[in-house]
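One-letter residues, chain by chain:
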Amino acid sequence: MKKILSVLIAIACFTSCDDGDIIVTSFDFEEQTLDRCSDFDTQFIFFKINPDNNESIAIAFTTSNDIFGAGDGTLETREISLALSGNDAITYRRFDDAVTSDYFCNPIPPATPIVIEEFISTSGDITVFTGGTYADNDGISSEIEDPTGILDTDSDGLPNIIDFDDDGDNVPTGQEGVVLNSDGTINTELTRDTDGDGTFDYLDDDDDGDGILTINEDPNMDLDPSNDNSDPNNEALDDYLNPAITTLVNIEAYRVHNYFLNDIIVTINTQNLDFRNENGEEVIRDIRTVIFGNYTVASDAEFTTTPEF
Ligand SMILES: [Ca+2]
Ligand SMILES: [Ca+2]
Ligand SMILES: [Ca+2]
Ligand SMILES: [Ca+2]
C-alpha cells in the first residue's frame, strides 16, 4: 500500500501549487521479501511484490562489481554507492491483477497484468552492502579459533579465522588432529600434540619436535609434508610426525589457501529519491535513508590465495 507518513516528505509543484501543499505519500514494502532476476550481466534487478494490493517496487542498477560475494576477499563489509539515472531507477507499479516475477525478469514485459498506477524515480542514490561470515571451514568455528578475529599465528597475512593452515607448516589445520567437544570448543585431552610440548599440532610449526620445521620435512618438495614417508621401519608415519627422520629440505613457499564468505546478505539502501508518476504530475521526494531490502545469497563465495612466504 502507499503508506501515509507524517511530514518527512515534501512535494515539488509543477503547476499551480498552494503554499503548504504537501503530499505525504511513500511506498511501504517493509513486509515483502526482496527477490531478484538472475539473467542479467551488469544491470541488477531486484523487486518486491505485495500480492495483497497487486503492487510492486523494483530497482534496477548497473555496476561491474560482483555484489554477490567474490570481491577482493578483504574482511570488511563491502559498500558500493551509486546514483540512479536513465535506465537505473526505482519503479513502483500497481496492477489490475496479480503480478509475478516474470514481469520483472522478462526483457519484454508481458502484456498483462496492466499497470494502473506507476511512479518512476527521476533521481536518487543507493548504497549496496555485501556482508557475510568469513571462514576457513577448517573444522574449528571462528569464535573458538579466535574471538578477536585478528590473531595470525604464522604471520602470513591471513588471520587464523580464514587461514586453513594456522601454523603455516603446509599441513592444513583440518589434518592436524583437532578434536572438538560437543559445544565446539577444542578438546584439550584428545587434540593431537605429537611432541607433547603443550602446543597442539595445528599451532606447532615443528610437530614432532625434532628440530626440523614441519614445512621442511617435505623431501618430494610438493608443499605437502603429509605425503612423505622416508622411514623404512615405519612407512605409515609421515616424516613430520616422526622424530626419527630429520631430513631437511628448504621449502620457502606456502601452499595455495582457500577460504569462504558464508551467509552472504546484500542490503540495498536508498536515499534522496524523487519519484514522478505516469503523467509526470505528482512528485514524491523521500530524503530519508531507507532499507530497500535484504537479499540472502544462496551460494557461498570462495577465495583462493597463496600467502607470501
Ligand atoms: Ca595466518
Ligand atoms: Ca598446519
Ligand atoms: Ca606440539
Ligand atoms: Ca619436525
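Above this text is the structure in question.
Heads up: these notes are all about the structure in this document. (Residues numbered from 1 in each chain as written. Chains lettered and ligands numbered in written order. Predicted model: local features only at pLDDT ≥ 70, side-chain atom pairs only at ≥ 80, totals over all residues. Heavy atoms only, no water.)

1. Details of the coordination of the calcium ion (ligand 2)
Every protein donor of the calcium ion (ligand 2) is listed here as Asp 165 (OD), Asp 167 (OD), Asp 169 (OD), Val 171 (O) and Glu 176 (OE), and their distances to the metal cover 2.1 to 2.3 Å. Spacing between the donor residues of the calcium ion (ligand 2) along the chain follows D-x1-D-x1-D-x1-V-x4-E. With Asp 165 in the loop between helix H2 (142-145) and strand E9 (257-277) and Glu 176 in the loop between H2 and E9, this pair connects stretches of sequence that are eleven residues apart. For Asp 165, a relative accessible area of 0% gives the class buried. When its relative accessible area of 0% is taken as the criterion, Glu 176 is described as buried. (Donors = N, O, S within 2.8 Å, 3.2 Å for Na, K, Ca; no water. Helix = DSSP H or I, 4+ residues; strand = E, 2+ residues; numbered from the N terminus. Buried < 20%, exposed > 50% of the residue type's maximum accessible area, 1.4 Å probe, protein only.)

2. Considerations on the pairing of strand E10 (residues 283-286)
As judged from the four bridges shared by E9 and E10, these two strands associate in the antiparallel manner. Opposite Asp 274, over in E10, you have Arg 285 as the bridge partner. Between E9 and the antiparallel strand that follows it, E10, lie five residues; Gly 280 among them carries a positive phi value of about 75°. (Pairing = 2+ DSSP bridges.)

3. What to know about the nonpolar core
Of all hydrophobic cores here, the largest spans 34 residues; its most connected members are Phe 46, Phe 61, Ile 67 and Ile 268. Those elements that provide at least two residues to this core are strand E4 (43-50), strand E5 (55-62), strand E6 (78-84), strand E7 (90-95), strand E8 (115-135), E9, strand E11 (290-296) and strand E12 (301-305). For this core, the element with the most residues is E9, which contributes seven residues. Setting aside residues no more than four positions away along its own chain, Ile 67 makes contact with Phe 44, Phe 46, Phe 61, Ile 80, Val 128, Thr 130 and Val 266. Counting ten residues, the second-largest nonpolar core is a separate cluster that includes Ala 58, Val 99, Phe 104 and Cys 105. (Core = buried A, V, L, I, M, F, W, Y, C linked by side-chain atoms within 4.5 Å. Contact = heavy atoms within 4.5 Å.)

4. Quick look at the pairing of E7
Along E7, five of the six residues are buried, which leaves the element largely enclosed by surrounding structure. Strand direction decides the pairing type here: E5 and E7, joined by five bridges, are antiparallel. Looking across to E7, one finds that Ile 59 is bridged to Ile 90.

5. Let's talk about the state of the cysteines
In this structure the tally under the stated criterion is one disulfide. A sulfur-sulfur separation of 2.1 Å characterises the disulfide bridge that pairs Cys 37 with Cys 105. Classification of the bridge connecting Cys 37 and Cys 105 rests on its S-S torsion, roughly -80°, and on that basis the disulfide is left-handed. Note that Cys 37 is positioned in the loop between strand E3 (35-36) and E4 and Cys 105 in helix H1 (residues 102-105), a separation of 68 residues in sequence. (Disulfide = S-S within 2.5 Å.)

6. Some details on the side chain of Asp 228
The topology assignment puts Asp 228 in the loop between H2 and E9. Despite its burial, Asp 228 pairs with no opposite charge, the nearest such side chain being Arg 255 at 8.9 Å. A polar contact of 3.1 Å, which involves the side chain of Asp 228, links it to the backbone nitrogen of Asn 220. (Lys, Arg positive; Asp, Glu negative; His and termini not counted. Salt bridge = Lys/Arg side-chain N within 4 Å of Asp/Glu carboxyl O. Polar contact = N/O pair within 3.5 Å; in protein donor to acceptor, adjacent residues only side chain to side chain.)

7. Quick look at the packing of aromatic side chains
Tallied over the full model, the rule gives 16 aromatic pairs. Summarising the aromatic geometry, the rings of Tyr 103 and Phe 104 are spaced 5.5 Å apart at their centres and angled 75° between planes, so their arrangement reads as edge-to-face. Phe 104 gets classed as buried once you look at its relative accessible area, which sits at 8%. Put simply, the rings of Phe 44, Phe 46, Phe 61, Phe 68 and Tyr 295 pair up and form one aromatic cluster. (Phe/Tyr/Trp six-rings, centres within 6.5 Å; stacked < 30°, edge-to-face > 60°.)

8. Comments concerning the pattern of salt bridges
For the coordinates displayed, the defined rule picks out five salt bridges. Linking Arg 192 and Asp 201 is a salt bridge whose minimum nitrogen-to-oxygen distance equals 2.8 Å. The partly exposed category is assigned to Arg 192, whose relative accessible area is 27%. A salt bridge links Asp 274 to Arg 285; the shortest N-O distance between them is 2.6 Å. Pair noted here: Asp 274 is in strand E9 and Arg 285 is in strand E10, with a separation of eleven residues, a long-range link. Residue classification places Asp 274 among the buried residues on the basis of a relative accessible area of 13%.

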